[in-house]
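The primary structure of each chain is shown beneath.
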Amino acid sequence: MRDLVQFCDDTCWDTKGDGALTHDVESVVEHGGILCFPHLRFELTDDEVRLLDAGVADGKAKNISLRGANDEVRGAAAADADALRSMIRRYRTQATALAERLFPHYRGHLEPGNPSYRPVAVEGRETSWRKDDTRLHVDSFPATPSGGKRILRVFTNVNPDGRARSWRIGDDFEAVASRFAPQLRTPLPGSGRLLRLFRITKTTRSAYDALMLQLHDRMKADEDFQAHAPQTAVDFPSGSTWMAFTDQVSHAAMAGQYQLEQTFLLPVAAMSEPQRSPLRPAPINRSRSSYLPWRARPYLRS
Ligand code: SIN
Ligand code: FE
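Below is a short write-up of the structure.

### Some words on the coordination of the iron ion (ligand 2)
- Protein-derived coordination of the iron ion (ligand 2) comes from His137 (NE2), Asp139 (OD) and His251 (NE2), at a distance range of 2.1 to 2.2 Å.
- Read from N- to C-terminus, the donor residues coordinating the iron ion (ligand 2) fall into the pattern H-x1-D-x111-H. Exposure class is identical for His137 and Asp139. Each is buried.

See below:
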């Protein structure tokens, strides 16, 4: 397995301040590693400390998130919406500053997705197997397909009681994709447009998106894989920040409470080494999509 986690001493999000300023780390994340900053805290204001309470969630959604141009708050109890919006917005600003500082190659290309706050404990959360993030998976969004863009995510554990966010990290993407490739099917031509027409997706699901979503599902559904595939437990301490391409790094969140998260989409062309992406832009069969999981391709059946 690759080097899973590289630790960095940085204590500030942007270039100001005297923390060690990490750079040249694009290759770490592009090779499927996780960058972890054990001392990079997200400070809450005095007013925000009260948001460290699972009761600020509406009890239905998994996360509280900001949506749309007006940063509409989803998944929260109404009384706390304004305070949550302002906290999550500040997190987005800091996560963006961090990503732009660390990855000069990506500047101008990172598209922020919906940021989220996760105040509910991971343990004991009732959910379907498909939504169960305690099962190893790579990220793929069913309703908002990335269209082939990379999914780069920044996470910060803001637990006030010193509890870690405990993850399992799985094997290299290549190993996982090869294992599941025989079970994946390329979608019928035009099916992506139909899903959008019927509003099942908000953007068109490409062949790549469809395959990655199947990979996500097949991984989560496979009990033998969950129990026996190569994997490592990693604890991210409270007060730490970490980031990874979660469409590539198999991960499962096993325990913890109170976390902030910001997603960025990144076009493959903006990577330092685009060939490290789960997709490979050389068409094998021009009648289908030119974007299929690269190592998986020799095994694909239609
Ligand atoms: C996930 O992306 O699978 C969840 C990560 C977390 O909540 O720690
Ligand atoms: Fe995930």
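### Some details on the pairing of strand 10 (residues 241–245)
- In terms of burial, strand 10 is a largely internal element, five of the five residues being buried.
- The side-chain alternation of strand 10 yields two buried faces, one formed by Thr241, Met243 and Phe245 and the other by Trp242 and Ala244.
- With three bridges joining them, strand 2 (residues 34–37) and strand 10 adopt antiparallel strand pairing. Within the sheet, the bridge partner assigned to Leu35 lies in strand 10 and is Met243.
- Bridge count for strand 7 (residues 150–157) against strand 10 is five bridges, and the pairing is antiparallel. Along strand 10, the bridge assignment pairs Val154 with Met243.

### Quick look at the site of ligand 1
- All residues in the neighbourhood of ligand 1 are listed as Arg118, Asp133, His137, Asp139, Arg153, Arg165, Trp167, His251, Ala253 and Gln259.
- One of the side-chain nitrogen or oxygen atoms of His251 is found 3.2 Å away from an oxygen atom of ligand 1.
- In isolation ligand 1 exposes 260 Å². Once the protein is present, 98% of that is buried.
- At the level of secondary structure, the elements contributing two or more residues to the shell around ligand 1 comprise strand 8 (165–170) and strand 11 (251–255).
- Residue composition of the shell around ligand 1, by class: two nonpolar, three polar and five charged.

### Examining the sheet that holds strand 11
- Spatial ordering of the open sheet is given by 9-8-11, a layout of three strands whose pairing is antiparallel. Single-partner strands in this sheet number two, and they are strand 9 (231–236) and strand 11. Shown here is a sheet whose adjacent strand axes are inclined to one another by a mean of 30°, direction ignored.
- Judged from the six bridges that link them, strand 8 and strand 9 form a sheet pairing that is antiparallel. Bridging across to strand 9, Ser166 finds its partner in Asp235.

What counts, and where the lines are drawn
Residues numbered from 1 in each chain as written. Chains lettered and ligands numbered in written order. Predicted model: local features only at pLDDT ≥ 70, side-chain atom pairs only at ≥ 80, totals over all residues. Heavy atoms only, no water. Donors = N, O, S within 2.8 Å, 3.2 Å for Na, K, Ca; no water. Buried < 20%, exposed > 50% of the residue type's maximum accessible area, 1.4 Å probe, protein only. Helix = DSSP H or I, 4+ residues; strand = E, 2+ residues; numbered from the N terminus. Pairing = 2+ DSSP bridges. Near = heavy atom within 4 Å. Polar contact = N/O pair within 3.5 Å; in protein donor to acceptor, adjacent residues only side chain to side chain. Areas by Shrake-Rupley, 256 points an atom, 1.4 Å probe, with all protein chains shown as cover. Nonpolar A, V, L, I, M, F, W, Y, C, P; charged D, E, K, R; others polar. Axes fitted to C-alpha atoms, helices over the stretch in contact; angles between N-to-C directions.

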